[in-house]
Amino acid sequence: FFFIDDDHLCFAVGDVSGKGIPASLFMAVTKALFRAIAGNGGTPGEMLARLNTEICRDNEFCMFVTLFCAILNIRTGQLDYSNGGHNLPYHLHHDGVSPLENPGGRALGLVEQSQYESGRLVLAPGDALLLYTDGVTEAMDSRERLYSDQRLAEFLAPHRGSSPRQVVGDLVSDVRHFAGAAPQSDDITTMALRY
């Protein structure tokens, strides 16, 4: 996350295919390119399309990354976002908890000329967002049951008024408690934001 200008906060969460050093390097390049592209303006959909074109070049290992990105106008609460095959963030609002509407879009790095649409939501004061990777919902317990989207939504419902730090800390603790002694099978990344 970073400010594009005084009024616009840009943030993203992503997940790269594969493991180890090649995956780490691919994600590092993706992150650097994303920041550079975001600084050149455009909608989140346009940003993802440009980023996709860049990471498709010389992608000899056929790696890909899922990525959700958004730009929040901190003065108005307007949130413009786009999704490249990633888990949709949850919107925590006074009426409950719901995933954002999916504007569509495939993972980045697969097809060079992919198009990405932008979605829009206006956050009310007190609304929050939770972004996460599939390491949260696909965490398994010793009986190979998944943590799941349903459990995540149920966890978030009573946390609508909690601080971002508390939501993230409590969620990671809940996932670890759920998994118990089962080994962690994937990276777990979360980000919370309250408007």
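Before going into details, it helps to say that this report is about the structure given with it. Remember, predicted model here, so these are calculated numbers, not experimental data.

Describing the nonpolar core
In step 1: The biggest cluster of nonpolar side chains holds 20 residues, and the ones touching the most others in it are Cys 10, Phe 34, Met 47, Leu 48, Leu 51 and Leu 108.
In step 2: In this structure, Tyr 90, Leu 130, Ala 139 and Phe 178 belong to the second largest nonpolar core, which totals 15 residues.

A closer look at the environment of Val 111
In step 1: Mapped onto the elements, Val 111 comes out in the loop between β6 (96-99) and β7 (119-122).
In step 2: Along the primary structure Val 111 and His 86 are separated by 25 residues, whereas in three dimensions their C-alpha atoms are 16 Å apart.
In step 3: If near-sequence neighbours (up to four positions away) are discounted, Val 111 is found in contact with Asn 52, Cys 56 and Arg 106.

Regarding helix α1 (residues 20-38)
In step 1: Here α1 spans 27 Å end to end across 19 residues, near enough to the 27 Å set by a 1.5 Å rise per residue.
In step 2: Regarding α1, the residues found buried are Ala 23, Phe 26, Thr 30, Phe 34, Ile 37 and Ala 38. The arc that holds every buried residue of α1, seen down its axis, measures 90°, which confines them to one face. Pointing more than 90 degrees away from the buried face of α1 are the exposed residues Ile 21, Leu 25 and Lys 31.
In step 3: Buried residues along α1 sit against β1 (2-3), β2 (8-16), α2 (44-56) and β3 (65-73).

Let's talk about the pattern of salt bridges
In step 1: A full pass over the atoms with the stated rule returns five salt bridges.
In step 2: When the shortest N-O distance is used, the salt bridge between Asp 141 and Arg 145 registers 2.6 Å.
In step 3: Residue class for Asp 141 comes out buried when judged on its relative accessible area of 7%.
In step 4: For the salt bridge of Asp 174 with Arg 151, the shortest nitrogen-to-oxygen distance reads 3.8 Å. In this pair, Asp 174 sits in helix α5 (residues 164-179) while Arg 151 sits in helix α4 (residues 149-156), placing the two residues 23 residues apart along the sequence.

Some remarks on the pairing of strand β8 (residues 128-132)
In step 1: With five of its five residues buried, β8 lies for the most part within the structure.
In step 2: Where β8 lies against strand β9 (residues 190-194), five bridges are found, and the strand directions are antiparallel. Paired with Ala 128 across the bridge in β9 is Arg 194.

Cut-offs used in this document
Residues numbered from 1 in each chain as written. Predicted model: local features only at pLDDT ≥ 70, side-chain atom pairs only at ≥ 80, totals over all residues. Heavy atoms only, no water. Core = buried A, V, L, I, M, F, W, Y, C linked by side-chain atoms within 4.5 Å. Buried < 20%, exposed > 50% of the residue type's maximum accessible area, 1.4 Å probe, protein only. Helix = DSSP H or I, 4+ residues; strand = E, 2+ residues; numbered from the N terminus. Contact = heavy atoms within 4.5 Å. Expected span 1.5 Å × (residues − 1). Arc of directions from axis to C-beta. Salt bridge = Lys/Arg side-chain N within 4 Å of Asp/Glu carboxyl O. Pairing = 2+ DSSP bridges.

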